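# Structural overview for review
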Amino acid sequence: PSLFPTLPRVKPALGFSFYSSQAPKRFYQNPNLVDWHQITCEEYDEVFNQLQACASCEDVAGLMKMNLDILADTLLVVGIEQIAQGEFELDAYFYNDIVPILMALIPKMDQHNQQSFGIIVTALGHMDVQHEEMWAVVESKILEGRMYRYMGIRDICAAACTLGTAGRLSAEVSQKFEQVLS
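Residues numbered from 1 in each chain as written. Predicted model: local features only at pLDDT ≥ 70, side-chain atom pairs only at ≥ 80, totals over all residues. Heavy atoms only, no water.

A few words on the overall build of the protein. Looking only at helices and strands, the protein features eight helices and zero strands. Secondary structure elements of the protein occur, N-terminal to C-terminal, as α-α-α-α-α-α-α-α. Buried residues in the protein amount to 42% of all 182 residues. For the protein, the proportion of contacts with a sequence separation of at least 24, taken over those separated by at least 6, is 71%. Working note: accessible area of the protein is about 10700 Å², and carbon and sulfur atoms make up 52% of it. (Helix = DSSP H or I, 4+ residues; strand = E, 2+ residues; numbered from the N terminus. Buried < 20%, exposed > 50% of the residue type's maximum accessible area, 1.4 Å probe, protein only. Contact = heavy atoms within 4.5 Å. Areas by Shrake-Rupley, 256 points an atom, 1.4 Å probe, with all protein chains shown as cover.)

Looking now at the packing of aromatic side chains. How two aromatic rings sit relative to each other is set out by the distance from centre to centre and by the angle between their planes. For the structure shown, the criterion picks out two aromatic pairs. Where Tyr44 meets Phe48, the ring centres are 6.2 Å apart and the plane angle is 20 degrees; that geometry is what we call stacked. With Tyr44 and Phe48 both in helix α1 (residues 41-52) and four residues apart, the pair spans about one turn of that helix. Arranged with centres 5.2 Å apart and planes meeting at 90 degrees, the rings of Phe94 and Tyr95 form a pair that is edge-to-face. (Phe/Tyr/Trp six-rings, centres within 6.5 Å; stacked < 30°, edge-to-face > 60°.)

Time to look at the environment of Ile101. Within the secondary structure, Ile101 is located in helix α4 (residues 92-105). Classification of Ile101 as buried rests on a relative accessible area of 2%. Sequence-wise, Ile101 and Ala61 are 40 residues apart; in three dimensions their C-alpha atoms are separated by 9.2 Å.

The next thing to look at is the packing of helix α5 (residues 114-126) against helix α7 (residues 153-165). In a pair of packed helices, the angle between the axes and the distance between the axes together describe the arrangement. One can describe the packing of α5 onto α7 by two numbers: an axis separation of 8 Å at closest approach and a directional angle of 20 degrees. In terms of orientation, α5 lies roughly parallel with respect to α7. Judged by the sense of rotation from one axis to the other, the crossing of α5 with α7 is left-handed. In this structure, α5 contributes Gln114, Gln115, Gly118, Val121, Thr122, Gly125 and His126 to the contact, and α7 contributes Asp155, Ala158, Ala159, Thr162 and Leu163. Considering only residue class, the contact of α5 with α7 consists of four nonpolar, seven polar and one charged. (Axes fitted to C-alpha atoms, helices over the stretch in contact; angles between N-to-C directions. Parallel < 35°, antiparallel > 145°, perpendicular 65-115°, else oblique. Left-handed = near helix turned anticlockwise from the far one by under 90°. Nonpolar A, V, L, I, M, F, W, Y, C, P; charged D, E, K, R; others polar.)

Counted according to the given criterion, the structure contains two salt bridges. A salt bridge links Lys65 to Asp97; its shortest N-O distance comes to 3.7 Å. One end of the pair, Lys65, is in helix α2 (residues 57-66); the other, Asp97, is in helix α4, and 32 residues separate them in sequence. A relative accessible area of 14% places Asp97 in the buried class. We note a salt bridge from Arg168 to Glu132, for which the minimum N-O separation is 2.8 Å. (Salt bridge = Lys/Arg side-chain N within 4 Å of Asp/Glu carboxyl O.)

Here Ser140 is to be found in helix α6 (residues 132-143). Along the chain, Ser140 and Pro107 lie 33 residues apart, while their C-alpha atoms are 8.3 Å from each other.

It is at 10 Å that the axes of α7 and helix α8 (residues 171-181) come closest, and there the two elements cross at 150 degrees. If you check the angle between α7 and α8, you find them roughly antiparallel. In this structure, α7 meets α8 at a crossing whose hand is left-handed. Of α8, the residues touching α7 (which contributes Ile153, Ile156, Cys157, Ala159 and Ala160) are Phe177, Val180 and Leu181. Residue classes in the contact of α7 with α8 are distributed as eight nonpolar, no polar and no charged.

All right, on to the confidence of the model for the protein then. In the predicted model, the protein carries a mean pLDDT of 83, and 80% of its residues have values of at least 70. With pLDDT under 50 throughout, residues 10-20 is counted as low confidence; its partners more than four residues away or in other chains account for ten contacts. (pLDDT = per-residue confidence, 0-100.)

See the structure below:
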């Protein structure tokens, strides 16, 4: 007889166990944000390391499309930062493959993804991305999605700086950022 009886495992109501290697399935036509804790560490590490080893937008786009079912906001950040820090040319792979993924995932971000959102916006401004539709989605998320309320002061300052440099800082966004900072 043990002092600590073994309790039976209770099956979760949603059919997903935090301890299993089972990951929720997502579809490219309707991508959802995946929390990084919903996937196994091995899957996360593998994609993370592959994204850091990418040498072009084509590589990043291929990895993102191939791993949409486990593309957490933090992995999205790694891919965008790899492009920005590697100063990759923003080619057709970026505009045809990565931007649609961003446009689908950015509206799904909430206060739990505020740091990733800030980093992505800052990187996109730094890269001077020329895609009006994507910037409309970002601005909508900041204003109508009220993401400015959750962004940290450093993220707001960095985003305002790079958006202003890229000519993408609208008066409304600037006013909301200023409201938070004052």
